[in-house]
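Chain by chain, the residues run as shown.
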2 protein chains.
Amino acid sequence: MISVRVLIRPKEGILDAQGKAVESALPALGFDGIEHVRVGRVVELRAEDDRSLEELCEKLLANPLIEDYEIEIL
Amino acid sequence: MISVRVLIRPKEGILDAQGKAVESALPALGFDGIEHVRVGRVVELRAEDDRSLEELCEKLLANPLIEDYEIEIL
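Residues numbered from 1 in each chain as written. Chains lettered and ligands numbered in written order. Predicted model: local features only at pLDDT ≥ 70, side-chain atom pairs only at ≥ 80, totals over all residues. Heavy atoms only, no water.

Engineer: Help me out: how do you make sense of the pairing of strand 2 (residues 34-47) of chain B in this one?
Structural biologist: It is a general feature of regular strands that their side chains alternate between the two faces of the sheet. Summarising the sheet, strand 2 (residues 34-47) of chain A and strand 2 of chain B pair through eleven bridges and their orientation is antiparallel. Residue pairing across strands places Val43(A) opposite Val39(B), the latter belonging to strand 2 of chain B. One ladder, built from seven bridges, connects strand 1 (residues 2-10) of chain B with strand 2 of chain B; its direction is antiparallel. By the bridge assignment for strand 2 of chain B, Leu7(B) is matched with Val42(B). (Pairing = 2+ DSSP bridges. Helix = DSSP H or I, 4+ residues; strand = E, 2+ residues; numbered from the N terminus.)

Spelled out as structure tokens, the structure:
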């Protein structure tokens, strides 16, 4: 079995509502000097091999129209 | 400025509803040999320094009661 991490992020140019929400909350909480916040998902799993990981991302984990994904074998 | 990645995951023992949903969808989509799916969030941002990152996670990005976080400086 291999340990796999998939990072899923909104594509550049796609509105990232969660990232914007974090950015607008920062000043009121006293944080400054933080910018370019992007919020995505991380999926971690154990797989027998890496054969079907790309297909898994395309079909189930990510929405390839609006999200990019990155597969890391840990 | 530094580039920072924060991985936020449900704590061990906390129900991970999204992970369970992915696991139950796998057989119908023809994926086998995949298990232990955990779904969390990834937050990427640019910061002036790493001073307030832990506080940022505790107060805004994660819910420390039910989530663990991990800060990576990229």
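Engineer: Teacher, can you tell me more about the relation of the copies chain A and chain B here?
Structural biologist: One chain copy maps onto the other through a rotation about an axis and a shift parallel to that axis. For the pair chain A and chain B, the best superposition has an RMSD of 0.0 Å and corresponds to a rotation of 180 degrees with a translation of 0.0 Å parallel to the axis. Taken together, the rotation and translation describe the operation of a two-fold axis. In terms of proximity to the rotation axis, the leading residue of chain A is Arg41(A), whose C-alpha is 2.0 Å off the axis. Residue by residue, 100% of the interface of chain A is reproduced at the interface of chain B, so both copies engage with the same surface. (Least-squares fit on C-alpha atoms with pLDDT ≥ 70 in both. Contact = heavy atoms within 4.5 Å.)

Engineer: For this particular structure, what's the right way to read the sheet that holds strand 1 of chain B?
Structural biologist: Sheets are built from strands that pair by backbone hydrogen bonding, the pairs being arranged parallel or antiparallel. The strand order across the open sheet formed by six strands is 3(A)-1(A)-2(A)-2(B)-1(B)-3(B), and the pairing between neighbours is antiparallel. Bordering the open sheet on either side are strand 3 (67-73) of chain A together with strand 3 (67-73) of chain B, each of which pairs with just one other strand. Mean inter-strand twist for the sheet, computed between neighbouring axes without regard to direction, equals 25 degrees. Sheet strands in contact with helix 1 (residues 17-25) of chain A are strand 2 of chain A together with strand 2 of chain B, and its direction is about 130 degrees off that of strand 2 of chain A. Each of strand 1 (2-10), strand 2 and strand 3 of chain A together with strand 2 of chain B is contacted by helix 2 (residues 53-61) of chain A, which is oriented at about 145 degrees to strand 3 of chain A, the strand it contacts most. (Axes fitted to C-alpha atoms, helices over the stretch in contact; angles between N-to-C directions.)

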